[in-house]
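# Secondary and tertiary structure notes
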Amino acid sequence: MTASRITRIEAGTLVGRRPRIAGSNSRLSVHGQEVRVPLLRLSTEDGASGFGPVNLDALRVAGALGAPLDALITAERGVADAAPALEYPLWDLLGQVTGEPVYRLVAQQAGKAVAAGPLRVPCYDTTLLIDDLHLEDDAGAAAHIAEEALFGYANNHRAFKIKVGRGAFHMPLEQGTQRDIAVVRAVREAVGPDARLMIDANNGYNQNIAKRVLAETADCQLFWLEEAFQEDPVLYEDLHKWMEREGLAVLIADGESWAPRELMDWARQGHVDVIQYDIFSHGFSNWLRTGAQLDAWDVRSAPHHYGRHLGNYVSGHLAAAIDSYTFAEWDEVRTPGLDASAYRVEGGEVVIPDSPGFGLALDEEVFRAAVAQGGYELTLRDHGHALRQILPGAWYA
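Residues numbered from 1 in each chain as written. Predicted model: local features only at pLDDT ≥ 70, side-chain atom pairs only at ≥ 80, totals over all residues. Heavy atoms only, no water.

The next thing to look at is the packing of helix α6 (residues 173-191) against helix α7 (residues 207-216). It is at 10 Å that the axes of α6 and α7 come closest, and there the two elements cross at 35°. Between α6 and α7 lies a crossing whose hand is right-handed. Here L173, E174, T177, Q178, I181 and R185 of α6 lie close against α7, whose contacting residues are I209, R212, V213 and E216. Residue composition of the contact of α6 with α7, grouped by class: 4 nonpolar, 2 polar and 4 charged. (Axes fitted to C-alpha atoms, helices over the stretch in contact; angles between N-to-C directions. Helix = DSSP H or I, 4+ residues; strand = E, 2+ residues; numbered from the N terminus. Left-handed = near helix turned anticlockwise from the far one by under 90°. Contact = heavy atoms within 4.5 Å. Nonpolar A, V, L, I, M, F, W, Y, C, P; charged D, E, K, R; others polar.)

Take the sheet that holds strand β2 (residues 32-44) next. Each strand in a sheet pairs with another by means of backbone hydrogen bonds, the pair being arranged parallel or else antiparallel. With antiparallel pairing, the 4 strands of this open sheet are ordered in space as β3-β2-β1-β18. Only two strands of the sheet have a single partner each, and these edge strands are β3 (49-53) and β18 (376-379). The average angle at which neighbouring strand axes cross in this sheet is 25°, direction not considered. The pairing of strand β1 (residues 6-22) with β2 spans 12 bridges and is antiparallel. The residue bridging E10 from the neighbouring strand is R41, located in β2. Against the sheet, helix α3 (residues 87-98) contacts β1, β2 and β3, and its axis sits at roughly 150° relative to β3. (Pairing = 2+ DSSP bridges.)

With respect to the helices and strands, F169 occurs in the loop between β7 (159-163) and α6. In this structure, the C-alpha to C-alpha distance between F169 and R27, residues 142 residues apart in sequence, is 6.1 Å. Apart from the residues within four sequence positions on either side, F169 is in contact with S26 and R27.

Judged by nonpolar contacts, the single largest core of 114 residues is most densely connected at W91 and F284. M198, A253, A302 and F327 belong to the second-largest nonpolar core, a separate cluster that totals 10 residues. (Core = buried A, V, L, I, M, F, W, Y, C linked by side-chain atoms within 4.5 Å. Buried < 20%, exposed > 50% of the residue type's maximum accessible area, 1.4 Å probe, protein only.)

The subject of this paragraph is the packing of aromatic side chains. Applying the stated criterion across every chain, the model contains 14 aromatic pairs. On the numbers, 4.8 Å between centres and 55° between planes, the contact of Y313 with Y343 is tilted. Of this pair, Y313 sits in helix α11 (residues 311-314) while Y343 sits in the loop between β14 (338-339) and β15 (344-346), and the two are 30 residues apart along the sequence. Under the relative-accessibility criterion, Y313 is labelled buried at 4%. Three or more aromatic residues joined by ring pairs make a cluster, and in this case those are Y88, W91, F280, F284 and F358. Just above the ring of Y153 sits the side chain of R158; from NZ or CZ to the centre is 3.6 Å. (Phe/Tyr/Trp six-rings, centres within 6.5 Å; stacked < 30°, edge-to-face > 60°. Lys NZ or Arg CZ within 6 Å of the ring centre and 35° of its normal.)

Before going further, it helps to examine helix α4 (residues 102-109). α4 sits mainly inside the fold: 6 of its 8 residues count as buried. Its buried side turned inward, α4 meets α3, β6 (119-128), α10 (284-297) and β16 (349-352). G111 occupies a position one or two residues after α4 and carries a positive phi of about 75°.

Another point: the pattern of salt bridges. Enumeration according to the criterion identifies 29 salt bridges in this entry. Here R179 and D138 are joined by a salt bridge, their closest N and O atoms 3.0 Å apart. Residue R179 is located in helix α6, and its partner D138 is located in helix α5 (residues 138-154); the two are separated by 41 residues in the primary sequence. Judged by relative accessible area, which is 2%, R179 ranks as buried. Among the ionic contacts, a cluster of salt bridges with common partners joins R8, E10, R41, E364, R368 and E377. (Salt bridge = Lys/Arg side-chain N within 4 Å of Asp/Glu carboxyl O.)

Shown next as structure tokens:
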């Protein structure tokens, strides 16, 4: 079946919803409650199909029509160089055809052994944004974020990332820094001593503020400090030396947003401990290569994602191929039409199903409505390469 041709491409956007409005980070305003989830489905002449997060117009994907699946992806080599933009539906489709979960396919490609049954991968709750700007006193603000952490704890999370950097934009510097510290301490008290806590400043700190916050939360046992300030190997090296003198074991994490080419060099040199390239902009296949390199340097991998929902599920599959994989990021969302019920968070881990592909399913009626309402469909007909796009004013070939 891997020689079967792609005969249909469908694209549509589903709309998900978070359980509460997601607030700010150190430099952006409210993220909101609605999440748009662009999906693309590939189907073959044998009736197999696979889907994943893709946001491309019809012209940019039409070249895949008529191509044999094994010209686009194989278990041995992964995704072909000509088809990186379609990698998520291709991995899912290959899993459907072979009957294997993606995590087992990538483990085999990397020469790793994977036990039978579902894969369990540590994850963290990424929903503790700056949601307290409407509150005037630090105690009330800290209690508010701690309550959000308890919601995550009740939903089986045992690791939490807290947005900090209130003094960079939203509050006066001193007041914002004091509130950051109060929030960290309140969350630690709420979730107990065994949960892992990370803080993410989104480049909202400078070196001195970073040191102050780390010093005043030393007893909170932070696991990592993410994007403390604009990437700078000199400052990172100094921060590492300072933490060593202070007896702090906080990791430095970076790479989520702006990732200079030198970031991997800084990781190899020991200035950065955790690399966080985005799972979508960096890409799943690129992450397989990046993770192998980080493993060789004993540097941790923790792919970032936020706002696309499917990152919750696809990211963890990499853990089977990357020894240093540390966390999957979990952004709580429910998207009508997307069935992710085979996944669950349990004891601080996302349990990834031993199902073909990514183990996700679509409600056909909901997805077809999304295709009709602003999406597109391309089909191969008469064993040729003629295309049909079911959109008003469509072009024909």
